[in-house]
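# Structure at a glance
Below, each chain spelled out in residue letters.
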Amino acid sequence: TKSKQETNELIRVGTSPDFPPLEFKRNGEIVGFDIDLANKIASDLNLELKIIEMDFNSLIPALDAGKIDLVISGLTITSD
């Protein structure tokens with residue numbers, strides 16, 4: 001049986017870990033509510049999760065460019 005990584009069953013999630021309690025670094029690891037949510041989404045979809053740390057302003061451009069599959073970083077919908 002192939003692992004999830006060997007079959008490319010991966011979800012790449014971009015985050016900027018500077019917004020506790022949603023996402024932040026603890027002992028060098030990115031943790032927080034949004035990371036727990038990303039883990040749950042990956043688990044429910046039976047995908048391997050890869051968290052990618054990025055500058056907040058590069059998250060949406062990275063998503064648009066297909067470099068990540070999901071942004072989870074304290075985003076809020078605004079009229080803009």
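Remember, predicted model here, so these are calculated numbers, not experimental data.

### Concerning the pairing of strand S3 (residues 23-26)
The pairing of strand S2 (residues 18-19) with S3 spans two bridges and is classified as antiparallel. Across the sheet, the residue bridging to aspartate 18 is phenylalanine 24, located in S3. Examined bridge by bridge, S3 and strand S4 (residues 29-31) share three bridges and lie antiparallel to one another. Each bridged residue has a counterpart across the sheet, and for phenylalanine 24 the counterpart in S4 is valine 31. Connecting S3 to the next strand, S4, in antiparallel fashion are two residues, including asparagine 27 with a positive phi near 55°.

Cut-off values and rules
Residues numbered from 1 in each chain as written. Predicted model: local features only at pLDDT ≥ 70, side-chain atom pairs only at ≥ 80, totals over all residues. Heavy atoms only, no water. Pairing = 2+ DSSP bridges. Helix = DSSP H or I, 4+ residues; strand = E, 2+ residues; numbered from the N terminus.

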